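Summary of the model geometry
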Amino acid sequence: MISFYKIKPKFQKLLKPILVALFRFGITANQITVSSIVLSFFIGISLWFHTDYRWGLLVVPIGLLLRMALNALDGMMARTYNMQSKLGEVLNEIGDVISDLFIFIPMTQIKGLNHELLAFFIGLSIINEFAGFMGKLIGKERRYDGPMGKSDRAFLVGIICCILFFRPIGLIIINCIFIGASSLIVLSTVIRLKKGLRDG
């Protein structure tokens, strides 16, 4: 299945010099994780007020790209410099869900987006992350399989905000996008659970 998770190794390779610099400055993996959560809050604020400050729409894709880098860096920092901990794992898992909520809920301010569809999308996203973590509990490792994972959802939201900045999206189009995305999340969740059970 096509997913941004498959290009993660190449993305991490690009971030290696930044990782080394952060370590030299005494930055820890948990500090990076918390920074990602705080960043997501400000991304959500920008999206919430985009009707008054249109430039807020451009803050979203830029912020999401930075968040993606931070999400990669915290894991790299923990593994490379032996900073893995139970607290770090909790922050990583809960932080991802909280960060998504900070960004997804303000999408209620996007004109034309059906709020029921958005709620369905958010609920499925949370279930998808839970299904991925279940892979570690019932199997051998945390599962990231399938389309429309965390990075894919971030890319989708960023693209939508970019398009909205330059021109409005029709009501039917934007709602169909979320119907399609929700369907892919369901598929991803099924794949993660099946592979988790198989490995277990």
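None of these values were measured; they are calculated from a predicted model. (Residues numbered from 1 in each chain as written. Predicted model: local features only at pLDDT ≥ 70, side-chain atom pairs only at ≥ 80, totals over all residues. Heavy atoms only, no water.)

1. Some details on the overall build of the chain
Secondary structure summary: the chain contains seven helices and zero strands in total. In the chain, the order of α-helices and β-strands from amino to carboxyl end is α-α-α-α-α-α-α. Against the 2.2 N^0.38 benchmark of 16 Å for 200 residues, the chain shows a C-alpha radius of gyration of 17 Å, consistent with a compact globule. Principal-axis analysis of the C-alpha atoms places the extent of the chain at approximately 50 × 40 × 25 Å. Among the 200 residues that make up the chain, the fraction classed as buried is 42%. The long-range fraction of contacts in the chain, counting pairs at least 24 apart against all pairs at least 6 apart in sequence, stands at 83%. Counting every atom, the chain has about 11,000 Å² of accessible surface; 71% of that belongs to carbon and sulfur. Averaging the locations of the 22 positively and 12 negatively charged side chains of the chain gives two centres separated by 7 Å. (Helix = DSSP H or I, 4+ residues; strand = E, 2+ residues; numbered from the N terminus. Rg over C-alpha atoms; globule rule 2.2 N^0.38 Å. Buried < 20%, exposed > 50% of the residue type's maximum accessible area, 1.4 Å probe, protein only. Contact = heavy atoms within 4.5 Å. Areas by Shrake-Rupley, 256 points an atom, 1.4 Å probe, with all protein chains shown as cover. Lys, Arg positive; Asp, Glu negative; His and termini not counted. Charge placed at Lys NZ, Arg CZ, Asp CG, Glu CD.)

2. Brief notes about the nonpolar core
With 38 residues, the main nonpolar core has Met-107, Phe-121, Val-157 and Phe-178 as its most contacted residues. Sorting elements by how many residues they give to this core places helix α3 (residues 56-80) first, with 10 residues. Ignoring anything within four residues of it in the chain, the contact list for Phe-121 reads Phe-104, Arg-153, Leu-156, Phe-178, Ala-181, Ser-182 and Ile-185. (Core = buried A, V, L, I, M, F, W, Y, C linked by side-chain atoms within 4.5 Å.)

3. Section: the environment of Val-20
Within the element layout of this structure, Val-20 appears in helix α1 (residues 8-24). It is 28 Å that separates the C-alpha atoms of Val-20 and Asp-100, two residues lying 80 residues apart in sequence.

4. Some thoughts on the packing of helix α4 (residues 86-104) against helix α5 (residues 115-138)
Two numbers describe a pair of packed helices, the interaxial angle and the distance between the axes. Relative to each other, α4 and α5 sit at 170°, their axes nearing to 10 Å. On the basis of the axis angle, α4 is roughly antiparallel to α5. Here α4 contributes Glu-89, Glu-93, Val-97, Leu-101 and Phe-104 to the contact with α5, which in turn contributes Leu-118, Phe-121, Ile-122, Ser-125, Ile-126, Glu-129, Phe-133 and Lys-136. For the contact of α4 with α5, the class distribution of residues is eight nonpolar, one polar and four charged. (Axes fitted to C-alpha atoms, helices over the stretch in contact; angles between N-to-C directions. Parallel < 35°, antiparallel > 145°, perpendicular 65-115°, else oblique. Nonpolar A, V, L, I, M, F, W, Y, C, P; charged D, E, K, R; others polar.)

5. Details of the packing of aromatic side chains
Under the definition given, this model contains seven aromatic pairs. Consider the rings of Phe-121 and Phe-178, whose centres lie 5.0 Å apart with planes at 80°: the pair is edge-to-face. On the criterion of sequence distance, the pair formed by Phe-121 in helix α5 and Phe-178 in helix α7 (residues 171-199) is long-range, its members being 57 residues apart. Under the relative-accessibility criterion, Phe-121 is labelled buried at 0%. Owing to a relative accessible area of 0%, Phe-178 belongs among the buried residues under this scheme. These aromatic residues form a ring-pair network of at least three members: Phe-41, Phe-42 and Phe-102. (Phe/Tyr/Trp six-rings, centres within 6.5 Å; stacked < 30°, edge-to-face > 60°.)

6. A closer look at the side chain of His-50
As for its position among the elements, His-50 is in the loop between α2 (29-48) and α3. Residue class for His-50 comes out buried when judged on its relative accessible area of 10%. Residues in contact with His-50, not counting those within four places in the same chain, are Leu-57, Gln-109 and Ile-110.

7. Focus: the confidence of the model for the chain
This prediction gives the chain a mean pLDDT of 91; 96% of its residues lie at or above 70. Within the chain, the element-level pLDDT minimum falls on α1, averaging 90, and the maximum on α2, averaging 96. (pLDDT = per-residue confidence, 0-100.)

8. Thoughts on the state of the cysteines
Counted according to the given criterion, the structure contains zero disulfides. For the unlinked cysteine Cys-162, the closest cysteine sulfur is that of Cys-161, found at 7.4 Å. Cys-161 supplies the cysteine sulfur nearest to Cys-176, a cysteine that is in no disulfide, at a spacing of 18 Å. Using a relative accessible area of 44% as the deciding quantity, one classes Cys-176 as partly exposed. (Disulfide = S-S within 2.5 Å.)

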